[in-house]
Number of protein chains: 2
Amino acid sequence: MSIFALKGNIIYSESREKLCIVSNGYLVCEEGISKGVFEELPEKWKDIEVKDYGEQLIIPGLSDIHLHAPQYAFRGLGMDMELLEWLDTYTFPEESKYQDLEYAKKAYEIFVEDLKRNGTTRVCVFATIHEEATILLMDLLEQSGIKGYVGKVSMNRNSPAYLCEDTPKENVRNWLDVVKGRYRRIQPILTPRFTPSCTDDLMEDLAKLQKEYHLPLQSHLSENPSEVAWVQELEPESSCYGDAYDRLGAFGSNGKTVMAHCVYSGEEECELMKKRNVFIAHCPQSNTNLASGVAPAKKYIQQGFSIGLGSDIAGGASISILRAMADAIQASKLRWRLLDSSWEPLTFEEAFYMGTKGGGAFFGNVGSFEEGYEMDALVIDDEELRHPQDITVKDRLERMIYLSEQVRFTDIYVSGKII
Amino acid sequence: MSIFALKGNIIYSESREKLCIVSNGYLVCEEGISKGVFEELPEKWKDIEVKDYGEQLIIPGLSDIHLHAPQYAFRGLGMDMELLEWLDTYTFPEESKYQDLEYAKKAYEIFVEDLKRNGTTRVCVFATIHEEATILLMDLLEQSGIKGYVGKVSMNRNSPAYLCEDTPKENVRNWLDVVKGRYRRIQPILTPRFTPSCTDDLMEDLAKLQKEYHLPLQSHLSENPSEVAWVQELEPESSCYGDAYDRLGAFGSNGKTVMAHCVYSGEEECELMKKRNVFIAHCPQSNTNLASGVAPAKKYIQQGFSIGLGSDIAGGASISILRAMADAIQASKLRWRLLDSSWEPLTFEEAFYMGTKGGGAFFGNVGSFEEGYEMDALVIDDEELRHPQDITVKDRLERMIYLSEQVRFTDIYVSGKII
């Protein structure tokens, strides 16, 4: 039986308000599962191996619950456009390239390396419609040690011909058959692109597959005003965008479901999300870059919605979830000041919670160091962030969120193993 | 006579709209001054030394026209507060430490190194009220090769006793006497902190000194609603915040002047800024972090105001002006979406202009490669930003703005010399 401890300045969230900090503490891990964090190593474990990281910070691994792997190639490009124009100009042409496995390999290798380098230990990723390239991405992620879900995208309307599937249902089944039992760390997730790209039949088929295969499902919801208006046109019988998924069974009623954005979700849609326990992937940088707006993350978090962070590559240019924490706080401040002062800005404790335990919940007991959680941990060297004065461990965490590009990951653990 | 050329992918702004890109071009520099950019090296210069940087990018040096050197120590801390609370809790206590020269040395060495490492070649910096520490900062900046202005802060009211000067005018004179003729690259700038910290007498004295010594002046303007209301209370006879400076002669009528923020400048204040050619230091990250709001930078730039970027350390946590360009675009998008759709978001060309030629204008012919400009240049290695497809030089510039933390400066030139 494998048991060991990490020693360092340990920080994790118990809840959105409660940040736990144990300076020079011990995080005990047995068979990949946390046994808890302790100020002194308990007597019964006095002989286990202790890996001493000195003054370094130890935080839970980061969860990115919404991003598009094929879009990583054009991150930071064409950012002067809104969603629908940007999809036509950049996204769709780039995604078509992934029918070429050689190109896909080149692109996905860069993506997976950078993802790992940024401390993301759990992901929920969109691939493209291409089965082979999707499997290649899953293979690469499995090899990297990162855990999570990858979705072959399904789409059959309102898209360029080269991205419209003729037999979308069969394509998903084929893909599911090939990946069945193939991985230890990576699992498939059903991925209707969004309502405008999927006929009612396709959406219903995917909902049925979700039930049959016990799979999670991911999609997009209420990101941009023009998109919301378009969905209303396409699905006049639905009372809101969320209902367009729900009445076809693709809104949590058939299994675990995550929806990205939720910037423009009205009261009814929110009630439906709550009722179906739909996860919200809050993607602040993407919503800013595409001038979509700012989701009311403070409301969601205070009202007990399930919510985590997404980099939403390439709506978001940065793949770092630490950066996404700062982005979330910053966007919430402008939302408060410019739009709606009834919801105060997010605190940094709340942003940290969303990027660790909040998003981690989509994967099970993930994103905290409480007893029973899978031991995903980042050991962080923040020495480059020099300062002339003494600062506390909590200060170091806040600073690291704002200046995440200057920290270095000494070690990254997933389920108790260094990756 | 020293003349040489740099070869690489050269990018610079001619105007806010016009970005000039010369792939594999030549930037010719004579005695520290640009002779222009050429696709082929002109015949008359065929024998000069050419430093070939291959596929690297060459852009003008960056100008940071508003930041506080002593606040660098607490960048990224206490960001869950608004301006006035944050000043009392973090800023004033930290600034008081700079009476201790040993502490100042430790802090300012870190500051100057990081400033240089981020490609900032021109600065307009606030120090503290302390003359000795201010001179130390000027010495360190002079040694670094960076050029610009440093201001001993003046303040004598509404501040903690330890930061209120009894003889502010004499203190400034003493400081000016010591630094006179001491530097080649660094010059003094008069620095009333902001209206709430300066009595009318002090402000008037500084305006007179500005005229007498032919010095520039820097301060803050209309950053936060509570601050604006406070100024109205303190200066009831002024028609607007800008007028509170102007009627005392400290708003450009006695020399070159830069005001940070201008988030809440109304019509009258804008007219006054235009009339006096007051420079605007747009500080998007700071205005976001302190939940101040978003300045109408698009309006300022389109209406021909003089405008550049400021990191506003430590309201802004990041000292990078490339990052400030992305921040400016992002903030303008949320302003457009959430507050006022009459001003479109900034384009990346406009943000690049502000961070180079726009802010550079405060220092003279700085921030471009047009003939006659001082040759400040950054040679940039963006190889870490890997991509599977071919992308243009313009795309590489846009990507670099969004992911600036991942680029490396191969060489930094100020007035034709590597620093």
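Just so we're clear, the structure is a prediction, and the values are computed from it rather than from any experiment.

### Some points on the sheet that holds strand 13 (residues 279-282) of chain B
Residue and element names in this part refer to chain B.
Now for step 1: With parallel pairing, the four strands of this open sheet are ordered in space as 11-12-13-14. Edge positions in the sheet fall to strand 11 (217-221) and strand 14 (307-309), since each has one partner strand and no second. Strand after strand, the sheet turns through a mean of 30° between neighbouring axes, direction not considered.
Now for step 2: Where strand 11 meets strand 12 (residues 257-261), five bridges bridge the pair, whose relative direction is parallel. Within strand 12, the residue paired with His220 across the bridge is Ala260.

### A few points about empty space enclosed by the protein
Now for step 1: Overall, the coordinates contain six cavities of 30 Å³ or more when judged by the stated rule.
Now for step 2: The space that makes up the largest cavity amounts to roughly 180 Å³.
Now for step 3: In terms of lining residues, the largest cavity is bounded by 16 residues, among which Thr288 and Gln330 of chain A together with Thr288, Gln330 and Ala331 of chain B are the most central.
Now for step 4: Those elements that place two or more of their residues in the lining of the largest cavity are helix 9 (284-289) and helix 11 (321-338) of chain A together with helix 9 (284-289) and helix 11 (321-338) of chain B.
Now for step 5: Within the lining of the largest cavity, the residues separate by chemical class into six nonpolar, six polar and four charged.

### Let's talk about the layout of surface pockets
One water molecule sets the probe size; rolling that probe over the atoms shows where empty space is left.
Now for step 1: One number sums up the size of the largest pocket: a volume of about 1100 Å³.
Now for step 2: Around the largest pocket, the lining comprises 46 residues; the ones closest to its centre are Glu405 and Gln406 of chain A together with Glu384, Glu405 and Gln406 of chain B.
Now for step 3: When residues in the lining of the largest pocket are grouped by element, the largest group, five residues, is from strand 16 (residues 408-414) of chain B.
Now for step 4: Considered class by class, the residues forming the lining of the largest pocket number 16 nonpolar, eleven polar and 19 charged.
Now for step 5: Arg185, Val414, Ser415, Gly416 and Lys417 of chain B are, among the 17 residues lining the second largest pocket, the residues nearest its centre.
Now for step 6: Going through the elements one at a time, strand 16 and strand 17 (417-418) of chain B are the ones with two or more residues in the lining of the second largest pocket.
Now for step 7: A breakdown of the residues in the lining of the second largest pocket according to their chemical character gives six nonpolar, six polar and five charged.
Now for step 8: Shared between two domains, the lining of the second largest pocket holds at least three residues of each, these being domain 1 (3-60 + 369-418) and domain 2 (62-363) of chain B.

### Some points on the domain arrangement of chain A
Residue and element names in this part refer to chain A.
Now for step 1: When cut into domains, chain A gives domain 1 (3-60 + 369-418) and domain 2 (62-363).
Now for step 2: When each unit is reduced to the centre of its C-alpha atoms, the spacing between domain 1 and domain 2 is 29 Å.
Now for step 3: Across the contact, 28 residues belong to domain 1 and 27 residues belong to domain 2.
Now for step 4: Looking at the side of domain 1 facing domain 2, the largest losses of area belong to Arg16, Ile401 and Tyr402, adding up to 32% of the total buried there.
Now for step 5: Our count for the contact surface shared by domain 1 and domain 2 stands at six salt bridges.

### Remarks on the relation of the copies chain B and chain A
Now for step 1: Mapping chain B onto chain A is achieved by rotating through 180° and translating by 0.0 Å along the same axis, at an RMSD of 0.0 Å. The symmetry that links the two subunits is that of a two-fold axis.
Now for step 2: Both copies share a contact surface, since 100% of the interface residues of chain B are interface residues in chain A too.

### Some remarks on the packing of helix 12 (residues 348-360) of chain A against helix 13 (residues 393-402) of chain A
All names here are of chain A.
Now for step 1: Two numbers describe how helix 12 lies on helix 13: the axes approach to 11 Å, and their chain directions differ by 70°. One element, helix 12, and the other, helix 13, form an angle in the roughly perpendicular class. In this structure, the crossing between helix 12 and helix 13 has a hand that is left-handed. Mapping the contact onto sequence places Phe348, Glu349 and Phe352 in helix 12 and Lys394, Leu397, Glu398 and Ile401 in helix 13.
Now for step 2: A per-class count over the contact of helix 12 with helix 13 returns four nonpolar, no polar and three charged.

### Brief notes about the packing of aromatic side chains
Each pair of aromatic rings is reported with the distance of its centres and the angle of its planes.
All names here are of chain A.
Now for step 1: Following the criterion strictly, the structure yields 30 aromatic pairs over all chains and no others.
Now for step 2: An angle of 35° between the planes, with centres 5.0 Å apart, marks the rings of Tyr98 and Tyr108 as tilted. Of this pair, Tyr98 sits in the loop between helix 1 (83-96) and helix 2 (101-117) while Tyr108 is found in helix 2, placing the two residues ten residues apart along the sequence. The pair formed by Tyr98 and Tyr108 is uniform in burial state, with each residue classed as buried.

### Looking at unusual backbone geometry
Now for step 1: Following Ile313 of chain A, the chain continues into Ala314 of chain A via a peptide bond in cis, with omega recorded as 0°.
Now for step 2: Mapped onto the elements of the fold, Ala314 of chain A is located in the loop between strand 14 (307-309) and helix 11.
Now for step 3: Even without being a glycine, Ser222 of chain B presents a positive backbone phi close to 45°.
Now for step 4: Within the secondary structure, Ser222 of chain B is located in the loop between strand 11 and helix 6 (225-234).

### Some words on the environment of Ser265 of chain A
Residue and element names in this part refer to chain A.
Now for step 1: Locating Ser265 in the fold gives a position in the loop between strand 12 (257-261) and helix 8 (267-275).
Now for step 2: Taking the C-alpha atoms as reference, Ser265 lies 24 Å from Ser15; in sequence the two are 250 residues apart.
Now for step 3: Every residue in contact with Ser265, bar those within four places of it in the chain, is listed here: Leu221, Ser222, Cys270, Met273 and Tyr300.
Now for step 4: Side-chain polar atoms of Ser265 contact the side chain of Glu269, separated by 2.6 Å.

### Side note on the pairing of strand 15 (residues 377-381) of chain B
Side chains on a regular strand alternate between the two faces of the sheet.
Residues and elements named next belong to chain B.
Now for step 1: Most of strand 15 sits out of view: five of its five residues are buried.
Now for step 2: Of the two faces of strand 15, the one holding Ala377, Val379 and Asp381 and the one holding Leu378 and Ile380 are both buried throughout.
Now for step 3: The pairing of strand 4 (residues 49-60) with strand 15 spans four bridges and is antiparallel. Among the inter-strand pairings, Ile58 is bridged to a residue of strand 15, identified as Val379.
Now for step 4: In terms of strand pairing, strand 15 meets strand 16 through five bridges, oriented antiparallel. Bridging across to strand 16, Leu378 finds its partner in Ile412.

### Thoughts on the pattern of salt bridges
Now for step 1: Tallying each qualifying case throughout the model produces 68 salt bridges over all chains.
Now for step 2: Arg157 of chain B is the salt-bridge partner of Glu235 of chain B, the closest N and O atoms lying 3.0 Å from each other. Highlighted residues: Glu235 of chain B in the loop between helix 6 and helix 7 (241-246) and Arg157 of chain B in the loop between strand 8 (153-154) and helix 4 (168-179), separated in sequence by 78 residues.
Now for step 3: By sharing partners, the salt bridges in this structure join Glu113, Asp114 and Arg117 of chain A together with Glu384 and Arg386 of chain B into a single network.

Reading guide: rules and limits
- Residues numbered from 1 in each chain as written.
- Chains lettered and ligands numbered in written order.
- Predicted model: local features only at pLDDT ≥ 70, side-chain atom pairs only at ≥ 80, totals over all residues.
- Heavy atoms only, no water.
- Pairing = 2+ DSSP bridges.
- Helix = DSSP H or I, 4+ residues; strand = E, 2+ residues; numbered from the N terminus.
- Axes fitted to C-alpha atoms, helices over the stretch in contact; angles between N-to-C directions.
- 1 Å grid on protein atoms, 1.4 Å probe; cavity = no way out; pocket = protein on both sides within 12 Å on 5 of 7 lines; lining within 4 Å.
- Points joined across faces, edges and corners; volume = space filled by probe spheres on them.
- Nonpolar A, V, L, I, M, F, W, Y, C, P; charged D, E, K, R; others polar.
- Domains from an automatic or database assignment.
- Contact = heavy atoms within 4.5 Å.
- Buried area = accessible area lost by both parts, 1.4 Å probe.
- Salt bridge = Lys/Arg side-chain N within 4 Å of Asp/Glu carboxyl O.
- Least-squares fit on C-alpha atoms with pLDDT ≥ 70 in both.
- Parallel < 35°, antiparallel > 145°, perpendicular 65-115°, else oblique.
- Left-handed = near helix turned anticlockwise from the far one by under 90°.
- Phe/Tyr/Trp six-rings, centres within 6.5 Å; stacked < 30°, edge-to-face > 60°.
- Buried < 20%, exposed > 50% of the residue type's maximum accessible area, 1.4 Å probe, protein only.
- Polar contact = N/O pair within 3.5 Å; in protein donor to acceptor, adjacent residues only side chain to side chain.

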